[in-house]
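# Fold and geometry: a report
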Amino acid sequence: MQIRLTPDYSLLVVFAIFLVNYFVVRRFFIAPISRVMHERERDVRSADEIYEKSLTRFNDAMADIEQRIHETRKEGTGIREGLRKEALAHRETVIESTRRQAEQIVGEAQARLSSDVADAKARIEVESESLARAAAEKFLSTRAVS
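Below: a short report on this structure. Worth saying up front: this structure is predicted, and the values here are computed from it rather than measured.

## Some thoughts on the overall build of the protein chain
- Counting its regular elements, the protein chain contains one helix and zero strands.
- Against the 2.2 N^0.38 benchmark of 15 Å for 146 residues, the protein chain shows a C-alpha radius of gyration of 60 Å, more extended than a compact globule.
- Projected onto its principal axes, the C-alpha coordinates of the protein chain cover approximately 205 × 30 × 25 Å.
- Within the span of the protein chain, comprising 146 residues, buried residues form 0% of the whole.
- Accessible surface, the protein chain: about 14,000 Å² in total, of which carbon and sulfur atoms supply 61%.
- Within the protein chain, the 24 negative side-chain charges are centred at a point lying 7 Å from the centre of the 24 positive side-chain charges.

## Let's talk about a nonpolar patch on the surface
- On the surface, V20, V24, V25, F28, F29, I30, I33 and M37 cluster together into a nonpolar patch covering about 790 Å² of accessible area.
- When you line up the elements, I30 lands in helix 1 (residues 9-145).

## A look at the packing of aromatic side chains
- Scanning the model with the defined rule gives one aromatic pair in all.
- Judged by centre distance (5.4 Å) and plane angle (70°), the rings of Y22 and F23 are edge-to-face.
- Judged by its relative accessible area of 48%, F23 is partly exposed.
- Directly above the ring of F28 sits R27, whose terminal nitrogen or CZ lies 5.7 Å from the centroid.

Rules of the game
Residues numbered from 1 in each chain as written. Predicted model: local features only at pLDDT ≥ 70, side-chain atom pairs only at ≥ 80, totals over all residues. Heavy atoms only, no water. Helix = DSSP H or I, 4+ residues; strand = E, 2+ residues; numbered from the N terminus. Rg over C-alpha atoms; globule rule 2.2 N^0.38 Å. Buried < 20%, exposed > 50% of the residue type's maximum accessible area, 1.4 Å probe, protein only. Areas by Shrake-Rupley, 256 points an atom, 1.4 Å probe, with all protein chains shown as cover. Lys, Arg positive; Asp, Glu negative; His and termini not counted. Charge placed at Lys NZ, Arg CZ, Asp CG, Glu CD. Patch = residues over 30% accessible without salt bridge, like charges linked within 9 Å, V, L, I, M, F, W, Y side chains within 5 Å. Salt bridge = Lys/Arg side-chain N within 4 Å of Asp/Glu carboxyl O. Phe/Tyr/Trp six-rings, centres within 6.5 Å; stacked < 30°, edge-to-face > 60°. Lys NZ or Arg CZ within 6 Å of the ring centre and 35° of its normal.

By themselves, these figures tell us nothing about what the structure is for.
Here it is, written out as structure tokens:
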């Protein structure tokens, strides 16, 4: 018994149908899906790059703003200290002027008081002498009458 191995021609038809199916599926399904996936991947990469650039610009802007705020605070502190020193100097000037005026007023009052005290002493001396004379006259006149 001899076995004849001849190829079945239907195998060639199945192979041809497979190749046609492969090219049709590849052309109308795999290629568009692959293209969409590549475009989506490119869009995602582009969006990531835009996000990174925006984030970098945002961080740079925030750092610049923080630096300017720091400088402005420093400048404000300097201005405040300058004004505080000016106010203290003005206060010292006003206190010194007031002290001088007070000393002058006190000096004038002491001079007036010393003058008034001297006048009062002189008046007391004059009045005490006249009172002593009057008392002596009265005493002597009451003695003479008795």
